[in-house]
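# An overview of the molecular structure
Residue strings, one per chain:
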Amino acid sequence: MISKQRHVLGLSGGKDSSALAIYMRDRVPEMEYFFCDTQKELPETYEYLDTLQAYLGKPITRLNAERGFDHWLEMYGGYLPSSQMRWCTRMLKIKPFEEFVGEDPVFSYIGIRADEDREGYISHKPNITPVYPFKEDGIREADVFELLRVAGVGLPKYYEWRTRSGCYFCFFQRKSEWVGLKDRHPDLFERAKQYEKNDDERNVRFTWSQGESLEELARPERVADIKRKQELAMRKKSTANPGQKLYQIFNETLADEDDSEPCLVCHL
Ligand code: SF4
């Protein structure tokens, strides 16, 4: 039997993939929405997905229901993932997606915008064809904001202090975002701290943030220093770009702090 062509759209809990779901809802009614749940996402992300699901009028399939981050951490001998060893993306995002798709021919819709010069995860499986509606239709960041506003979905709440979706302990977080996590979700900050450890036998120090442990980052004088730098950078940006919205200034300031290319499959 020949399988029917499927249309799938992966949500990360970020603004672009969410806006794409809104954009595609009536254009491709048979769309299947999915979310690869690491079970370590921010509460704001889970809330946002519920809001989005209500707007879409159909379920967002949660993948990884059985095996989340902790299972794979154990499988990887306690080695925390990092930008050099990104096993979390492979095991918690890419593999579940490929299993979800199986061998069916699918169109996979990706929310990279027309004003971006980056690539998303492109499966090398021959049955998966990537589609970029925002690129094809010239949809830019301002249009994304508008799509979210008009749909009444808005931005995820974590955008007030963090610019990317993904796990609460994601190693792509910038220093000021760690401080944001500490202020907004002290319990999650403590949990993230508990993952860090020194392995004397292998002479390895596992930390989420480069160059310092969360214990060190949380010291009052260090927190004050990070906040001071962030405020100063934001003031400079807003003076240089008087018409910009607070979110844009915040976003650009963080991009200046660290331009490491985040994981697109998690942060789109
Ligand atoms: S959000 Fe970060 S920590 Fe979580 S799976 Fe993606 S890259 Fe890994």
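Residues numbered from 1 in each chain as written. Predicted model: local features only at pLDDT ≥ 70, side-chain atom pairs only at ≥ 80, totals over all residues. Heavy atoms only, no water.

### Things to note about the environment of Glu 116
In this fold, Glu 116 is placed in the loop between β4 (106–109) and β5 (128–131). In this structure the C-alpha to C-alpha distance between Glu 116 and Glu 141, which are 25 residues apart in sequence, comes to 8.8 Å. For Glu 116, the residues in contact, after removing those within four places along its chain, are Asp 16, Gly 111 and Lys 135. (Helix = DSSP H or I, 4+ residues; strand = E, 2+ residues; numbered from the N terminus. Contact = heavy atoms within 4.5 Å.)

### Focus: the sheet that holds β5
The pairing of strands in a sheet happens through backbone hydrogen bonds and is either parallel or antiparallel. Taken together, the 5 strands give an open sheet; going across it, the order is β3-β2-β1-β4-β5, and neighbouring strands pair in parallel fashion. With partners counted over all chains shown, the strands left at the sheet margins are β3 (60–63) and β5, one partner each. Recorded for the sheet is a direction-independent mean angle of 30° between the axes of neighbouring strands. Relative to β3, strand β2 (residues 32–36) runs parallel, the two sharing 4 bridges. Of the residues in β3, the one forming a bridge with Phe 34 is Thr 61. Strands β1 (6–11), β2 and β4 of the sheet are contacted by helix α1 (residues 15–24), whose axis makes an angle of about 145° with β1. (Pairing = 2+ DSSP bridges. Axes fitted to C-alpha atoms, helices over the stretch in contact; angles between N-to-C directions.)

### Considerations on the side chain of Thr 38
Structurally, Thr 38 is set in the loop between β2 and α2 (43–56). Within the structure, Thr 38 has its side chain in polar contact with the backbone nitrogen of Lys 40 (distance 3.1 Å). Reaching out from Thr 38, the side chain makes a polar contact with the side chain of Glu 41 at a distance of 2.8 Å. Discounting chain neighbours no more than four positions away, the residues touching Thr 38 are Asn 64, Gly 68, Phe 69, Leu 92, Lys 93 and Cys 167. (Polar contact = N/O pair within 3.5 Å; in protein donor to acceptor, adjacent residues only side chain to side chain.)

### So, the confidence of the model for the chain
Mean pLDDT over the chain: 88, with 87% of residues reaching 70 or higher. Per-element averaging of pLDDT across the chain places helix α11 (residues 246–257) at the bottom with 64 and α1 at the top with 97. (pLDDT = per-residue confidence, 0-100.)

### A short note on the packing of helix α7 (residues 175–184) against helix α8 (residues 186–195)
Here α7 crosses α8 at 120°, and the two axes come no closer than 5 Å. One way to sum up the angle between α7 and α8 is to call them oblique. From α7, Trp 178, Leu 181, Lys 182, Asp 183 and Arg 184 reach across to α8, where they touch Pro 186, Leu 188, Phe 189 and Ala 192. Residue composition of the contact of α7 with α8, by class: 6 nonpolar, no polar and 3 charged. (Parallel < 35°, antiparallel > 145°, perpendicular 65-115°, else oblique. Nonpolar A, V, L, I, M, F, W, Y, C, P; charged D, E, K, R; others polar.)

### Some words on unusual backbone geometry
Most peptide bonds are trans, and most residues other than glycine sit at a negative phi. Of note, Gln 39 is a non-glycine position whose phi angle comes to about 65°, a positive value. Among the structural elements, Gln 39 can be located in the loop between β2 and α2. Judged by its relative accessible area of 38%, Gln 39 falls in the partly exposed class. (Buried < 20%, exposed > 50% of the residue type's maximum accessible area, 1.4 Å probe, protein only.)

### Overview of the packing of aromatic side chains
Across all of its chains, the model carries 17 aromatic pairs by this definition. Relative to Tyr 195, the ring of Phe 169 lies with its centre 5.2 Å away and its plane at 70°, an arrangement referred to as edge-to-face. Here Phe 169 is found in the loop between α6 (141–150) and α7, whereas its partner Tyr 195 is found in helix α8, with 26 residues between them in sequence. Taking the relative accessible area as the measure of exposure, Phe 169 reaches 2% and is therefore buried. (Phe/Tyr/Trp six-rings, centres within 6.5 Å; stacked < 30°, edge-to-face > 60°.)

### So, α8
All of the buried residues in α8 are Leu 188, Phe 189, Ala 192, Lys 193 and Tyr 195. Projected down its long axis, α8 carries its buried residues within an arc of 155°, all on one side. (Arc of directions from axis to C-beta.)

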